[in-house]
Each structure stands twice: as structure tokens, then as C-alpha cells.
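Secondary and tertiary structure notes
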Amino acid sequence: MAADHPPPGRLERWRGAAGWWRRRSLRVRLTVVAAAVLALGLALSAWVFVDVLTRALVGTIDEGIHQRAREAVALSDARRLDGPIVTTDNTIVQVISRDGRIIGATGNTDRLVPLLSAESRAAALAEGGGRFLDGRPYGIPGVLRVTVLSADNGTTVIAARSFAEVQGSIRAAGHVLLIGTPLLMVLLAAASWVVIGRTLRPIDELRRGATEITGTARSRRLPVPEAHDEVHSLAMTLNDMLARLEDAGARQRALVSDAAHELRSPLASIRLQLEVALNHPEGQDWRETAEGALEDTLRLARLAEDLLALARMDEGRPSRREPVDLNELVSRTADRYGIAADLPAATLTVTGDAMDLGRVLTNLIDNAVRHRTAKVAVALTHADSPTPRTAEITVTDDGPGIPAEDRERVFDRFTRLDTARSRDDGGAGLGLAIVRTTLHAHGGTIHLTDASPGLTAVVRLPLT
């Protein structure tokens, strides 16, 4: 049998209502939900209050008529029913003999007709407690609360009291709740609207602050609320993110500016050589011109490769993650420069990109060879500090070294010291920047120390 599905019209109306609800603002939805919960809570509280009040008043009446019935039972058992029964709280009392005659009663009730028939009296005795009785057939307006007790010789005692006062009290309480509950709900809903609006105001200020931030803005931050709550934490986190993005943008702009400056020099040199050769072809050595243009072209190629390497390594992770034998990598790279590397007996292996790590060693040895006086030393060791399972590579030259205050600055992009300002000899100033970026992507570090004389580059990589 096919499954039951709601009619298309009803389904569309339900979807429309759900869509309308989702399109409301957060403040409206929270206020409506809070008001609905408050209304439910107030209605439930009012119902519980009326029920508890009713039970309490009925219990009070039951206790009073039971006490009067007990007094009448005592009089009947003592055979002292020689006159009308007197009560001080307007309670109706009838004492009925075994044969159904009223042998004693208060002055406010009929002495001929019992309030309850014999069957009703028997049922009331069996059930115990009180019951309600319509008093109009007995000339008593309203509802009565009745209880029945038994005395000696088959005598029964009926005690009753009007329930009108209790009904009036309950009705008055109901009217108060009927009028007060909606007013209280409206007040609480209005308070919720104000409180929720004040709670969401910092978020709205964050939104307005975010709309004012543009791609060309400088040092823009979102407003931070004074209260140390979740919105404050969100604003602080977003401001930290904006600071990081601003720093990244500044580095990117600096890189583009420096790259444009570096590219302009070889391009201008190539253009100048070609223009001179074309304007004075009769006195031009075309081979020398081609060699000069080729040299500048190679500089451009190296700069482009370095920039691509930086862009790739800025992602923060190597392009490949595979085991790399450092013994073989260090030995092979040092051999290309005619240097005998000092290697450990055990094989040291790291995880990463062998080509990128080879570029690191090549850049370090290139710098050492360029600035050496007589020799360059390359060594690979196993270091237990600063963390265990670390490989340490050192490249040492005996050149002039680098002043202590410049040993961190040389890792910045396009940085050249006074002794290496020549673009032909010192490169574009990206070598050490590539080294540090590559090592950070592999979880490693690098720092420079004094070799007296010369300089030592210390590389540390976590072993696999």
C-alpha cells in the first residue's frame, strides 16, 4: 500500500511558513521563542496555582465538616440529642437513625428529608472523605460539600457546608490570573525584546565594523565590547585574524614591489644592450651582446624560480612527503662543490621533499663558497637538543662572517648586506628566505652562529 503523504497544498503552506520563519531576524525569532516559552510557563503555573488553591480550600472545608460530624457522632453515642444541634460556622448537620428518620439536625436544614438517600449514605461511608452535592433540590442554593460518618446503633451523621465561598475565591483568583498573566507575558516579552536587542548590539557593531573594512583599508579593526563574554572573544579572534591577514597582505605587497624592482634591472640591461646593438650595428660585437643578454636572462630565470619556490613554500607544507636519506643528500650536494662532508655512521632519515631540502643545502653551500677565504666544512650529526630525534646539519665558512645584529635580518626577502650588494655576485637576496621558509614547512629551524673566523649555518630537522 502506498505511503500516506500530506496534500501538496498543505506541504507548500508548511514550507512557506518555515521559509517565512527562517527569514525573520534573530532578534524576532529569539523574542518569539522566549515569549512562547514564557506563555507556556505562565499558563502552566496558573493552572497549578488554581489546582493547588482549590485542593487547599476543599481540604479546609472537608476538615471543618468532618470535625462537626465527629462532634455530632459523639453526641449521638452519648444519647444527648435532646435539642437542635448548634454550629458556629454555618455547617449543616443531620443525624439519621437506622430506619431513615432524622433524629437530630441543625436549624438551617430540613428535619424531614435527608440530604443523602440510604444508598448514597452507604456509598459515602464506603468511600470515605467528602463529596459534592447539588443543594438546590433541598432549597439550598449552590453546591454543598458533604461528608458522612457512622455512629452507634446504625445511626449515620451527615455534615455539609456550602461550597459557594470557595467557588467565589477560586473564580476571583482565576479572573486575576486571566487578566494578569497576559499582561505579565507582554511585559516579559517586551523585556526579552530589549535584553536580546542589547545582547545582539555588539554583534551588529561587529557587522558594521566589518562593512567598513575594504581591500584597501589599513590597520582596520573590529570594535571590541567591554563585557568579557563570547562576543568579546569573537571580536578578539576576528581582530587577530585581521592582523594576520594584514601582515600577510603587507608581505605580499612588499614581495611584489621587491620582485618588480629586481625584475626591472635585468630587463633594463637586456633592453639597453639590444638598443645599442641595433643603433650601432657596424661597431657591435654580436657575440658579446648575446652573452650579456643570456646572462641577464639567466638572472631572470633564477629570480623567477626563486619566486615560484617561495610562493609554493608559503603554503606551509612541502609538496611531497616521503622519506629522505639525509646522509645521501648531504654527501651528494657537498660532492658537487668538491667538499668532503662529515657524516655519521647511522643513516638519518627525515620526511619531506628531497628536491626542496636539496635546494636548502645548495643555497647554504653557495653562500659559504661565495664568502669563504679558504675552506668550507659541511657536517651532519644526530642532536638530542633542543628536542630528541633531531638531525643537525652545519655549513661553516672562514669568511668575514655576519655581524650579530644582522643575522636575523639576512633571512628577510630581498635582503643584501653591504658586502653582498652586487646583484651579479650576491644574487637577488632570496636564497636564505627560501631556506627558512622551506625548513619551516618541514618542521625545522635554522640560525647563524659565529665560527671565529667565519660563519656557521645550523639547520635542525625532526627525524622520521
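Look up: the structure comes first, before these words.
Residues numbered from 1 in each chain as written. Predicted model: local features only at pLDDT ≥ 70, side-chain atom pairs only at ≥ 80, totals over all residues. Heavy atoms only, no water.

1. Topic: the sheet that holds strand β8 (residues 376-383)
- With respect to topology, four strands assemble into an open sheet ordered β8-β9-β11-β10, the strand pairing being antiparallel. Strands at the two margins of the open sheet, each flanked by one partner only, are β8 and β10 (445-450). Averaged over all pairs of adjacent strands, the angle between their axes in this sheet comes to 20°, without regard to strand direction.
- For β10 and strand β11 (residues 455-462), the ladder comprises six bridges, and the chain directions are antiparallel. From the neighbouring strand, D450 faces β11, where its bridge partner is L455.
- On the sheet, helix α8 (residues 354-371) packs against β8, β9 (390-397), β10 and β11 and is oriented at approximately 25° with respect to β9.
- The strands touched by helix α10 (residues 431-441) within the sheet are β10 and β11, with β10 carrying the most contacts at an inclination of about 135°. (Pairing = 2+ DSSP bridges. Helix = DSSP H or I, 4+ residues; strand = E, 2+ residues; numbered from the N terminus. Axes fitted to C-alpha atoms, helices over the stretch in contact; angles between N-to-C directions. Contact = heavy atoms within 4.5 Å.)

2. A look at the sheet that holds strand β4 (residues 143-150)
- Taken in spatial order, the five strands of this open sheet run β2-β1-β5-β4-β3, and their pairing is antiparallel. With partners counted over all chains shown, the strands left at the sheet margins are β2 (102-105) and β3 (130-134), one partner each. Across the sheet, the mean angle from the axis of one strand to that of its neighbour is 25°, orientation sign disregarded.
- Direction of pairing for β4 relative to strand β5 (residues 156-162): antiparallel, over a ladder of seven bridges. For L144, the partnering residue across the bridge sits in β5 and is S162.

3. Re the packing of aromatic side chains
- Overall, the coordinates contain one aromatic pair when judged by the stated rule.
- One Lys or Arg, R145, reaches over the ring of F132 and ends 4.5 Å from the middle of that ring. (Phe/Tyr/Trp six-rings, centres within 6.5 Å; stacked < 30°, edge-to-face > 60°. Lys NZ or Arg CZ within 6 Å of the ring centre and 35° of its normal.)

4. Regarding the pattern of salt bridges
- Taken as a whole, this structure holds 14 salt bridges when the rule is applied.
- With a shortest N-O distance of 3.0 Å, R55 and D51 are connected by a salt bridge. Of the two residues, R55 and D51 are both situated in helix α2 (residues 26-77); the distance of four residues between them amounts to about one turn of the helix.
- Close ionic contact of E291 with R287 constitutes a salt bridge, the shortest N to O distance being 3.4 Å. One end of the pair, E291, and the other, R287, are both in helix α6 (residues 286-313), four residues apart, so they sit about a helical turn from each other.
- Each of D204, R207 and R208 takes part in one network of salt bridges that share partners. (Salt bridge = Lys/Arg side-chain N within 4 Å of Asp/Glu carboxyl O.)

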